[in-house]
Amino acid sequence: MPYVNIKITKGNTTKEQKQNLVSGVTELLEKVLGKNPKTTFVIIEEISCDNWGINNTLVSDRNK
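Residues numbered from 1 in each chain as written. Predicted model: local features only at pLDDT ≥ 70, side-chain atom pairs only at ≥ 80, totals over all residues. Heavy atoms only, no water.

## Thoughts on the nonpolar core
Soluble globular proteins tend to pack their nonpolar side chains together in the buried interior.
Piece 1. Ranked by size, the top nonpolar core spans 5 residues in total: I6, I8, V25, L29 and V42.
Piece 2. Of all the secondary structure elements, the ones that give two or more residues to this core are strand 1 (3–9) and helix 1 (15–33).
Piece 3. Each residue touching I8, except ones within four places of it in the same chain, is listed here: T13, I44, E45, E46, I47 and W52. (Core = buried A, V, L, I, M, F, W, Y, C linked by side-chain atoms within 4.5 Å. Buried < 20%, exposed > 50% of the residue type's maximum accessible area, 1.4 Å probe, protein only. Helix = DSSP H or I, 4+ residues; strand = E, 2+ residues; numbered from the N terminus. Contact = heavy atoms within 4.5 Å.)

## Re the side chain of T26
Piece 1. Positionally, T26 belongs in helix 1.
Piece 2. Side-chain polar atoms of T26 contact the backbone oxygen of V22, separated by 2.7 Å. (Polar contact = N/O pair within 3.5 Å; in protein donor to acceptor, adjacent residues only side chain to side chain.)

## Quick notes on the environment of L21
Piece 1. By the element assignment, L21 lies in helix 1.
Piece 2. On the basis of relative accessibility, which here comes to 31%, the residue L21 falls in the partly exposed class.
Piece 3. Sequence separation between L21 and R62 is 41 residues; the distance between their C-alpha atoms is 25 Å.
Piece 4. L21 has contacts with I6 and I44, leaving out every residue within four places of it along the chain.

## Examining the environment of V4
Piece 1. Along the chain, the position of V4 falls in strand 1.
Piece 2. With 36 residues separating them in the primary sequence, V4 and T40 have C-alpha atoms 8.0 Å apart.

Set out below in structure tokens:
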């Protein structure tokens, strides 16, 4: 029973893109590891850009 947690910054991803992520990850696990899609969980967490940092800078400040 695979569990995949994807974390992305909030506000830039459409529902369709999220659906494509869930489908793509599920298909990949089935293809590569032979996992059953019916028991594969994919969670997408959206993190505020104020709570995500890269290279000593918050993403919210980098996007200004």
